[in-house]
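Results of the structural survey
Chain by chain, the residues:
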Amino acid sequence: MSQLAKVKHSRNQWKRKATERGDQDRYLRKQLARVKSERDQATKALKEAQARLRQLESHTQAVAVLPKVDVVWLSLRLFLEARIGFRAVCRVLTLLAQALGITKAPCPQTLINWVMRLSIVRIQAARCLRGLPLRQAPFSNGLIWIIDISIGLGTGKILAVLAIEAQHHHLTPGAPSLEHARCMGVSVADSWTGDTIAELLGRLIARVGRPAAYLKDAGSELHKAVALLDEKGLASPCIDDISHAAAGMLKRDYQHHPAFEPFVSACGRVSGKLKHTILACLAPPTVRTKARFMHVHRLFTWAERLLKLSPAGAAKRGSTLAKLRACLDALPTCQAFIKRFRADASGPLRAKRFSKPRGSHPTP
(Lines give C-alpha, C1' and ligand atoms only; values in the text may rest on other atoms or scores of the structure.)
Protein backbone atom coordinates (compact mmCIF):
# COMPACT_ATOMS: atom_id res chain seq x y z
CA MET A 1 0.00 0.00 0.00
CA SER A 2 1.33 3.33 -1.07
CA GLN A 3 1.88 6.21 1.22
CA LEU A 4 -1.10 8.11 -0.28
CA ALA A 5 -3.42 5.15 0.25
CA LYS A 6 -2.32 4.88 3.86
CA VAL A 7 -3.09 8.54 4.44
CA LYS A 8 -6.54 8.23 2.82
CA HIS A 9 -7.34 5.12 4.86
CA SER A 10 -6.28 6.78 8.10
CA ARG A 11 -8.29 9.89 7.23
CA ASN A 12 -11.41 7.83 6.54
CA GLN A 13 -11.10 6.05 9.89
CA TRP A 14 -10.64 9.38 11.66
CA LYS A 15 -13.67 10.85 9.89
CA ARG A 16 -15.78 7.81 10.81
CA LYS A 17 -14.73 7.97 14.43
CA ALA A 18 -15.33 11.74 14.54
CA THR A 19 -18.78 11.29 13.01
CA GLU A 20 -19.65 8.62 15.61
CA ARG A 21 -18.42 10.83 18.46
CA GLY A 22 -20.38 13.77 17.08
CA ASP A 23 -23.57 11.74 16.80
CA GLN A 24 -23.12 10.45 20.34
CA ASP A 25 -22.43 13.94 21.70
CA ARG A 26 -25.47 15.39 19.95
CA TYR A 27 -27.66 12.55 21.32
CA LEU A 28 -26.33 13.12 24.84
CA ARG A 29 -26.89 16.87 24.57
CA LYS A 30 -30.48 16.29 23.46
CA GLN A 31 -31.11 13.81 26.28
CA LEU A 32 -29.55 16.15 28.81
CA ALA A 33 -31.73 19.02 27.62
CA ARG A 34 -34.83 16.81 27.81
CA VAL A 35 -33.98 15.62 31.34
CA LYS A 36 -33.33 19.19 32.48
CA SER A 37 -36.63 20.32 30.99
CA GLU A 38 -38.54 17.49 32.66
CA ARG A 39 -36.73 18.17 35.93
CA ASP A 40 -37.66 21.84 35.81
CA GLN A 41 -41.30 20.98 35.03
CA ALA A 42 -41.45 18.41 37.86
CA THR A 43 -39.89 20.88 40.30
CA LYS A 44 -42.39 23.56 39.31
CA ALA A 45 -45.33 21.14 39.60
CA LEU A 46 -44.08 19.99 43.02
CA LYS A 47 -43.86 23.54 44.30
CA GLU A 48 -47.36 24.32 42.99
CA ALA A 49 -48.76 21.13 44.59
CA GLN A 50 -47.12 21.93 47.92
CA ALA A 51 -48.50 25.44 47.81
CA ARG A 52 -52.01 24.15 47.09
CA LEU A 53 -51.68 21.55 49.85
CA ARG A 54 -50.65 24.19 52.39
CA GLN A 55 -53.55 26.34 51.28
CA LEU A 56 -56.04 23.47 51.60
CA GLU A 57 -54.67 22.47 54.99
CA SER A 58 -54.97 25.99 56.33
CA HIS A 59 -58.50 26.28 54.90
CA THR A 60 -59.51 22.90 56.36
CA GLN A 61 -58.21 23.80 59.79
CA ALA A 62 -60.04 27.11 59.72
CA VAL A 63 -63.39 25.45 58.81
CA ALA A 64 -63.19 22.20 60.81
CA VAL A 65 -62.76 23.71 64.26
CA LEU A 66 -66.31 24.22 65.54
CA PRO A 67 -67.09 27.20 67.77
CA LYS A 68 -68.38 26.50 71.26
CA VAL A 69 -71.93 27.48 70.32
CA ASP A 70 -72.07 24.69 67.72
CA VAL A 71 -70.64 22.19 70.20
CA VAL A 72 -73.33 23.12 72.75
CA TRP A 73 -76.05 22.85 70.09
CA LEU A 74 -74.80 19.45 68.93
CA SER A 75 -74.58 18.15 72.50
CA LEU A 76 -78.13 19.23 73.32
CA ARG A 77 -79.45 17.70 70.10
CA LEU A 78 -77.82 14.37 70.95
CA PHE A 79 -79.37 14.43 74.42
CA LEU A 80 -82.85 15.69 73.50
CA GLU A 81 -83.36 14.17 70.05
CA ALA A 82 -81.17 11.06 70.01
CA ARG A 83 -82.24 10.31 73.63
CA ILE A 84 -78.81 9.14 74.86
CA GLY A 85 -77.36 9.79 78.30
CA PHE A 86 -74.77 12.36 79.34
CA ARG A 87 -71.88 9.89 79.41
CA ALA A 88 -72.93 8.48 76.03
CA VAL A 89 -73.00 11.99 74.52
CA CYS A 90 -69.49 12.58 75.89
CA ARG A 91 -68.23 9.33 74.34
CA VAL A 92 -69.82 10.11 70.96
CA LEU A 93 -68.28 13.58 70.83
CA THR A 94 -64.90 12.22 71.90
CA LEU A 95 -65.01 9.63 69.12
CA LEU A 96 -66.01 12.18 66.46
CA ALA A 97 -63.93 15.08 67.79
CA GLN A 98 -61.27 14.91 65.06
CA ALA A 99 -63.80 14.57 62.24
CA LEU A 100 -66.02 17.37 63.57
CA GLY A 101 -63.19 19.71 64.49
CA ILE A 102 -63.85 19.68 68.24
CA THR A 103 -60.71 20.55 70.14
CA LYS A 104 -61.95 19.08 73.43
CA ALA A 105 -65.13 17.07 74.03
CA PRO A 106 -67.22 18.24 77.01
CA CYS A 107 -67.41 16.12 80.14
CA PRO A 108 -70.72 14.73 81.50
CA GLN A 109 -70.97 17.40 84.20
CA THR A 110 -70.61 20.14 81.59
CA LEU A 111 -73.44 18.56 79.60
CA ILE A 112 -75.61 18.46 82.73
CA ASN A 113 -74.99 22.19 83.27
CA TRP A 114 -75.96 22.97 79.66
CA VAL A 115 -79.19 20.97 79.95
CA MET A 116 -80.06 22.67 83.25
CA ARG A 117 -79.54 26.11 81.71
CA LEU A 118 -81.71 25.17 78.74
CA SER A 119 -84.41 23.93 81.12
CA ILE A 120 -84.34 27.20 83.07
CA VAL A 121 -84.64 29.23 79.87
CA ARG A 122 -87.55 27.15 78.63
CA ILE A 123 -89.36 27.38 81.98
CA GLN A 124 -88.93 31.15 81.99
CA ALA A 125 -90.15 31.34 78.38
CA ALA A 126 -93.24 29.29 79.31
CA ARG A 127 -94.34 32.04 81.69
CA CYS A 128 -95.18 34.17 78.67
CA LEU A 129 -97.82 31.65 77.60
CA ARG A 130 -101.35 32.59 78.52
CA GLY A 131 -104.36 30.34 78.63
CA LEU A 132 -107.21 31.65 76.50
CA PRO A 133 -110.84 31.88 77.71
CA LEU A 134 -112.62 28.61 77.02
CA ARG A 135 -115.69 28.42 74.84
CA GLN A 136 -118.33 25.73 74.96
CA ALA A 137 -116.12 23.45 72.92
CA PRO A 138 -113.47 22.52 75.52
CA PHE A 139 -110.59 21.99 73.08
CA SER A 140 -111.22 24.94 70.77
CA ASN A 141 -108.15 26.84 72.01
CA GLY A 142 -105.62 27.08 74.83
CA LEU A 143 -103.08 24.59 76.16
CA ILE A 144 -103.34 21.03 77.44
CA TRP A 145 -101.28 20.45 80.57
CA ILE A 146 -99.57 17.08 80.96
CA ILE A 147 -99.03 16.20 84.62
CA ASP A 148 -96.78 13.38 85.78
CA ILE A 149 -94.92 12.33 88.92
CA SER A 150 -91.71 10.34 88.86
CA ILE A 151 -88.86 9.50 91.21
CA GLY A 152 -85.81 11.46 90.10
CA LEU A 153 -83.72 12.87 92.97
CA GLY A 154 -82.93 10.20 95.55
CA THR A 155 -86.07 9.62 97.58
CA GLY A 156 -87.63 12.85 96.31
CA LYS A 157 -90.33 12.82 93.66
CA ILE A 158 -90.41 15.20 90.73
CA LEU A 159 -93.69 16.71 89.61
CA ALA A 160 -93.47 18.00 86.04
CA VAL A 161 -96.12 20.01 84.20
CA LEU A 162 -95.75 20.16 80.41
CA ALA A 163 -97.99 21.93 77.92
CA ILE A 164 -98.95 21.20 74.31
CA GLU A 165 -101.26 23.05 71.97
CA ALA A 166 -104.88 21.98 72.19
CA GLN A 167 -105.02 22.27 68.39
CA HIS A 168 -101.93 20.09 67.92
CA HIS A 169 -103.53 17.58 65.56
CA HIS A 170 -104.83 20.41 63.38
CA LEU A 171 -101.46 22.17 63.30
CA THR A 172 -98.99 19.27 63.14
CA PRO A 173 -99.30 15.84 61.54
CA GLY A 174 -98.60 12.91 63.84
CA ALA A 175 -98.69 12.40 67.59
CA PRO A 176 -97.12 14.92 70.01
CA SER A 177 -93.44 14.41 70.80
CA LEU A 178 -90.86 16.06 73.04
CA GLU A 179 -90.23 18.92 70.61
CA HIS A 180 -93.91 19.94 70.78
CA ALA A 181 -94.01 20.13 74.60
CA ARG A 182 -93.17 23.16 76.73
CA CYS A 183 -92.24 22.94 80.39
CA MET A 184 -94.62 24.97 82.55
CA GLY A 185 -93.15 24.06 85.91
CA VAL A 186 -91.11 21.52 87.87
CA SER A 187 -91.09 20.90 91.61
CA VAL A 188 -89.53 18.33 93.94
CA ALA A 189 -90.93 17.04 97.23
CA ASP A 190 -90.57 14.00 99.46
CA SER A 191 -94.13 13.01 98.61
CA TRP A 192 -97.02 14.44 96.66
CA THR A 193 -100.65 14.49 97.72
CA GLY A 194 -103.76 15.89 96.13
CA ASP A 195 -103.52 19.05 98.23
CA THR A 196 -99.88 19.83 97.39
CA ILE A 197 -100.44 19.13 93.69
CA ALA A 198 -103.52 21.36 93.66
CA GLU A 199 -101.52 24.14 95.37
CA LEU A 200 -98.77 23.96 92.72
CA LEU A 201 -101.27 23.91 89.85
CA GLY A 202 -103.06 26.88 91.43
CA ARG A 203 -99.84 28.92 91.43
CA LEU A 204 -99.25 28.05 87.77
CA ILE A 205 -102.82 29.01 86.85
CA ALA A 206 -102.43 32.35 88.61
CA ARG A 207 -99.37 33.00 86.49
CA VAL A 208 -100.25 31.72 83.00
CA GLY A 209 -103.99 31.13 83.08
CA ARG A 210 -106.26 28.10 83.15
CA PRO A 211 -105.45 25.25 80.72
CA ALA A 212 -107.89 23.88 78.18
CA ALA A 213 -107.58 20.41 79.75
CA TYR A 214 -105.44 18.21 81.98
CA LEU A 215 -103.79 15.06 80.64
CA LYS A 216 -102.74 12.64 83.39
CA ASP A 217 -102.48 9.01 84.37
CA ALA A 218 -104.95 7.23 86.60
CA GLY A 219 -103.18 8.20 89.84
CA SER A 220 -105.49 8.95 92.77
CA GLU A 221 -103.47 11.97 93.94
CA LEU A 222 -103.73 13.63 90.51
CA HIS A 223 -107.44 12.90 90.38
CA LYS A 224 -107.90 14.48 93.82
CA ALA A 225 -105.89 17.55 92.79
CA VAL A 226 -108.15 18.16 89.79
CA ALA A 227 -111.20 17.74 92.03
CA LEU A 228 -109.86 20.33 94.49
CA LEU A 229 -109.29 22.79 91.66
CA ASP A 230 -112.87 22.18 90.56
CA GLU A 231 -114.08 23.21 94.02
CA LYS A 232 -112.15 26.50 93.66
CA GLY A 233 -113.74 27.27 90.29
CA LEU A 234 -110.57 26.46 88.35
CA ALA A 235 -111.88 23.31 86.73
CA SER A 236 -110.82 22.13 83.28
CA PRO A 237 -111.71 18.92 81.46
CA CYS A 238 -109.60 15.95 82.52
CA ILE A 239 -108.20 13.39 80.06
CA ASP A 240 -106.77 10.05 81.16
CA ASP A 241 -103.66 8.90 79.30
CA ILE A 242 -104.64 6.11 76.92
CA SER A 243 -101.69 3.92 77.93
CA HIS A 244 -102.65 4.00 81.59
CA ALA A 245 -106.35 3.64 80.73
CA ALA A 246 -105.64 0.52 78.65
CA ALA A 247 -103.40 -0.88 81.38
CA GLY A 248 -106.14 -0.23 83.94
CA MET A 249 -108.73 -2.10 81.88
CA LEU A 250 -106.42 -5.09 81.45
CA LYS A 251 -105.51 -5.03 85.14
CA ARG A 252 -109.15 -5.11 86.26
CA ASP A 253 -109.87 -8.13 84.05
CA TYR A 254 -106.69 -10.16 84.45
CA GLN A 255 -104.98 -9.24 87.71
CA HIS A 256 -106.90 -11.90 89.64
CA HIS A 257 -107.43 -14.29 86.74
CA PRO A 258 -106.48 -17.83 87.85
CA ALA A 259 -104.33 -18.40 84.74
CA PHE A 260 -102.36 -15.13 84.92
CA GLU A 261 -99.85 -15.96 87.65
CA PRO A 262 -99.16 -19.49 86.28
CA PHE A 263 -98.52 -17.90 82.86
CA VAL A 264 -96.08 -15.32 84.28
CA SER A 265 -94.31 -18.02 86.32
CA ALA A 266 -94.01 -20.23 83.22
CA CYS A 267 -92.50 -17.31 81.29
CA GLY A 268 -89.92 -16.85 84.04
CA ARG A 269 -88.93 -20.52 83.96
CA VAL A 270 -88.72 -20.49 80.16
CA SER A 271 -86.48 -17.43 80.35
CA GLY A 272 -84.13 -19.21 82.76
CA LYS A 273 -83.89 -22.23 80.46
CA LEU A 274 -83.28 -20.21 77.29
CA LYS A 275 -80.64 -17.82 78.60
CA HIS A 276 -76.98 -18.79 78.18
CA THR A 277 -77.90 -21.32 75.47
CA ILE A 278 -77.89 -21.30 71.69
CA LEU A 279 -81.58 -20.27 71.88
CA ALA A 280 -80.92 -17.18 74.03
CA CYS A 281 -82.25 -14.96 71.23
CA LEU A 282 -85.72 -16.36 71.97
CA ALA A 283 -85.72 -15.24 75.61
CA PRO A 284 -88.81 -13.21 76.69
CA PRO A 285 -88.74 -9.42 77.08
CA THR A 286 -88.27 -7.96 80.54
CA VAL A 287 -91.50 -6.78 82.18
CA ARG A 288 -91.23 -4.77 85.40
CA THR A 289 -93.20 -5.82 88.44
CA LYS A 290 -94.24 -2.20 89.05
CA ALA A 291 -96.82 -1.01 86.51
CA ARG A 292 -96.70 -4.50 85.00
CA PHE A 293 -99.81 -4.12 82.88
CA MET A 294 -98.30 -1.17 80.99
CA HIS A 295 -96.11 -3.60 79.05
CA VAL A 296 -97.38 -7.08 79.84
CA HIS A 297 -98.83 -7.37 76.31
CA ARG A 298 -95.26 -7.75 75.06
CA LEU A 299 -94.98 -10.96 77.09
CA PHE A 300 -98.12 -12.40 75.50
CA THR A 301 -96.94 -11.40 72.02
CA TRP A 302 -93.63 -13.13 72.66
CA ALA A 303 -95.34 -16.29 73.97
CA GLU A 304 -97.64 -16.48 70.95
CA ARG A 305 -94.73 -16.14 68.52
CA LEU A 306 -92.62 -18.64 70.44
CA LEU A 307 -95.35 -21.28 70.40
CA LYS A 308 -95.69 -20.86 66.63
CA LEU A 309 -92.05 -21.97 66.31
CA SER A 310 -93.03 -25.36 67.74
CA PRO A 311 -95.53 -26.88 65.28
CA ALA A 312 -97.28 -30.17 65.93
CA GLY A 313 -95.38 -33.34 65.06
CA ALA A 314 -92.35 -35.28 66.19
CA ALA A 315 -88.94 -33.64 66.47
CA LYS A 316 -85.60 -35.35 65.79
CA ARG A 317 -83.68 -36.09 68.95
CA GLY A 318 -80.99 -33.45 69.56
CA SER A 319 -82.42 -31.06 66.96
CA THR A 320 -83.03 -27.37 67.60
CA LEU A 321 -86.79 -27.96 67.71
CA ALA A 322 -86.34 -30.65 70.36
CA LYS A 323 -84.18 -28.30 72.45
CA LEU A 324 -86.82 -25.57 72.11
CA ARG A 325 -89.64 -27.88 73.21
CA ALA A 326 -87.60 -28.91 76.23
CA CYS A 327 -87.47 -25.25 77.32
CA LEU A 328 -91.17 -24.46 76.88
CA ASP A 329 -92.10 -25.77 80.33
CA ALA A 330 -95.87 -25.27 80.95
CA LEU A 331 -96.23 -22.57 78.30
CA PRO A 332 -98.14 -24.76 75.78
CA THR A 333 -100.91 -25.30 78.35
CA CYS A 334 -101.56 -21.52 78.39
CA GLN A 335 -102.42 -21.22 74.69
CA ALA A 336 -106.12 -20.58 75.30
CA PHE A 337 -105.34 -17.90 77.90
CA ILE A 338 -102.80 -16.25 75.58
CA LYS A 339 -105.30 -16.18 72.72
CA ARG A 340 -107.99 -14.63 74.94
CA PHE A 341 -105.66 -11.95 76.31
CA ARG A 342 -104.43 -11.02 72.83
CA ALA A 343 -108.00 -10.67 71.61
CA ASP A 344 -108.98 -8.42 74.54
CA ALA A 345 -105.82 -6.29 74.28
CA SER A 346 -105.90 -5.80 70.49
CA GLY A 347 -108.39 -2.92 70.67
CA PRO A 348 -106.55 -0.76 73.25
CA LEU A 349 -103.20 -1.48 71.59
CA ARG A 350 -104.55 -0.44 68.21
CA ALA A 351 -105.83 2.80 69.74
CA LYS A 352 -102.38 3.50 71.25
CA ARG A 353 -100.77 3.39 67.81
CA PHE A 354 -102.70 6.49 66.76
CA SER A 355 -101.69 8.51 69.82
CA LYS A 356 -98.04 7.53 70.15
CA PRO A 357 -95.16 8.86 68.02
CA ARG A 358 -93.68 6.45 65.52
CA GLY A 359 -90.10 5.94 66.65
CA SER A 360 -87.49 3.24 66.21
CA HIS A 361 -89.56 0.95 68.50
CA PRO A 362 -93.23 1.36 67.55
CA THR A 363 -95.96 -0.02 69.79
CA PRO A 364 -96.42 -3.75 68.94
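Above this text you will find the structure in question.
Here's a quick rundown of the structure. (Residues numbered from 1 in each chain as written. Predicted model: local features only at pLDDT ≥ 70, side-chain atom pairs only at ≥ 80, totals over all residues. Heavy atoms only, no water.)

A look at the overall build of the chain
Where we set the bar: Where helices and strands are cited, they refer to DSSP runs of H or I of at least four residues and of E of at least two residues respectively, numbered from the N terminus. Between buried and exposed lies partly exposed: a residue is buried under 20% and exposed over 50% of the maximum accessible area for its type, with that area taken using a 1.4 Å probe on protein chains only. What makes two residues a contact is simply this: any of their non-hydrogen atoms within 4.5 Å. Every accessible area reported is derived by Shrake-Rupley at a probe size of 1.4 Å, with residue values counting cover from the shown protein chains alone.
From N to C terminus, the chain includes 13 helices and 5 strands. When the 364 residues of the chain are sorted by exposure, 28% land in the buried category. Counting contacts in the chain only where the partners sit at least 6 residues apart, residues at least 24 apart contribute 63% of the total. Carbon and sulfur atoms provide 57% of the accessible area of the chain, an area that totals close to 24400 Å².

Here we look at the pattern of salt bridges
A side chain with one charge may pair with a side chain of the opposite charge, provided their charged atoms come close. Rule in force here: Here, a salt bridge means any Lys or Arg side-chain nitrogen found within 4 Å of an Asp or Glu carboxyl oxygen.
As enumerated under the stated definition, the model contains 10 salt bridges in all. Ionic pairing is found between R269 and D329, a salt bridge with its closest N-O pair at 2.8 Å. Placement of the pair is R269 in helix α10 (residues 260–274) and D329 in the loop between α12 (320–327) and α13 (335–355), with a sequence separation of 60 residues. Relative accessible area serves as the criterion here: at 39%, R269 is assigned to the partly exposed category. According to the relative accessible area criterion, D329 is partly exposed, its value standing at 31%. Between D344 and R340 there is a salt bridge, and its shortest N-O distance comes to 4.0 Å.

Concerning the packing of α10 against helix α11 (residues 296–308)
This is how it is decided: Axis angles are defined between N-to-C directions and span 0 to 180 degrees, where every axis is a line fitted to C-alpha atoms and, for a helix, only to the segment in contact. We call a crossing left-handed when the near helix sits turned anticlockwise from the far one by less than a right angle, and right-handed when that turn is clockwise.
One can describe the packing of α10 onto α11 by two numbers: an axis separation of 12 Å at closest approach and a directional angle of 65°. Considering the relative orientation of α10 and α11, their crossing is left-handed. On the side of α10, the interface is formed by F260, F263, C267, V270 and L274, while α11 contributes V296, L299, F300, W302, A303 and L306.

A word on the side chain of S310
Filter applied, for reference: Any pair of N or O atoms that falls within 3.5 Å is considered a polar contact. Within protein, one atom must be able to donate a hydrogen and the other to accept it, and sequence-neighbouring residues count only if both atoms are side-chain atoms.
Along the chain, S310 falls in the loop between α11 and α12. Separated by 3.0 Å, the side chains of S310 and R325 make a polar contact.

Regarding the packing of helix α7 (residues 194–208) against helix α8 (residues 220–231)
Any two packed helices are characterised by how steeply their axes cross, that is the angle between the axes, and by the distance between the axes. Put simply, the rule reads: In this scheme, roughly parallel covers angles under 35 degrees and roughly antiparallel covers those over 145, while 65 to 115 is roughly perpendicular and the rest are oblique. Asp, Glu, Lys and Arg are counted as charged, while Ala, Val, Leu, Ile, Met, Phe, Trp, Tyr, Cys and Pro are counted as nonpolar; the rest, among them Gly, fall into the polar class.
Packing of α7 against α8 brings their axes to within 8 Å, and their N-to-C directions diverge by 50°. Between α7 and α8, the angle is such that the two are oblique. In this structure, α7 meets α8 at a crossing whose hand is right-handed. Where α7 abuts α8, its residues G194, D195, I197, A198, L201, G202 and I205 lie against E221, L222, K224, A225, L228 and L229. For the contact of α7 with α8, the residue count by class is 8 nonpolar, 2 polar and 3 charged.

Some points on the environment of H297
Summarising the element assignment, H297 is placed in helix α11. Placed 47 residues apart in sequence, H297 and L250 show a C-alpha to C-alpha distance of 9.4 Å.

Things to note about the pairing of strand β4 (residues 213–216)
Worth spelling out the cut-off: Between any two strands, at least two bridges found by DSSP are needed for them to pair. Here, the term right-handed applies to a crossover whose path from the first strand over the helix to the second runs clockwise when the strands point away from the viewer.
With 3 bridges joining them, β4 and strand β5 (residues 238–240) adopt parallel strand pairing. Considered in β5, the bridge of K216 is made with D240. You can see the chain leave β4, run along α8 and come back into β5, and the turn it takes is right-handed.

So, the environment of L324
Note that L324 resides in helix α12. Looking at L324, the relative accessible area reads 5%, which means it is buried. In sequence terms L324 and V270 are 54 residues apart; their C-alpha atoms lie 9.7 Å from each other. Once residues lying within four places of it in the same chain are set aside, the contact partners of L324 are L279, L282, L306 and L309.

Examining the packing of aromatic side chains
Within a pair of aromatic rings, the relevant descriptors are the distance that separates the centres and the angle that separates the planes. We apply this condition: Aromatic rings from Phe, Tyr and Trp, with only the six-membered ring used for Trp, were paired whenever their centres fell within 6.5 Å, and each pair was classed as stacked if the ring planes differed by under 30 degrees, edge-to-face if by over 60, and tilted otherwise.
All told, the structure shown has 8 aromatic pairs when counted by the stated rule. With centroids separated by 4.9 Å and ring planes inclined at 65°, the aromatic side chains of Y254 and F341 adopt a geometry described as edge-to-face. Within this pair, whereas Y254 is found in helix α9 (residues 242–254), its partner F341 is found in helix α13, the two being separated by 87 residues in sequence. We note that Y254, like F341, is buried. Ring geometry for F263 against F300: centres 4.3 Å apart, planes inclined by 20°, an arrangement best described as stacked.

A few points about a nonpolar patch on the surface
Stated precisely, the cut-off is as follows: Patch members must show over 30% relative accessible area and no salt bridge, and they are joined within 9 Å when carrying like charges or within 5 Å when they are nonpolar side chains of Val, Leu, Ile, Met, Phe, Trp or Tyr.
Nonpolar side chains collect at one region of the surface, where V92, L95 and L96 lie side by side and expose about 270 Å² of accessible area between them. The topology assignment puts V92 in helix α3 (residues 86–95). Judged by relative accessible area, V92 falls into the partly exposed class, the value being 30%.

Comments concerning helix α2 (residues 68–80)
So the rule is basically this: By definition here, a helix of n residues has an expected span of 1.5 Å times n minus one.
The terminal C-alpha atoms of α2 lie 18 Å apart, and with 13 residues this matches the ideal 18 Å at 1.5 Å per residue to within 8%. Residues V71, S75, L76, L78 and L80 constitute the buried set of α2.

A closer look at unusual backbone geometry
The backbone of H276 sits at a positive phi, close to 60°, despite the residue not being glycine. The backbone of D329 sits at a positive phi, close to 55°, despite the residue not being glycine.

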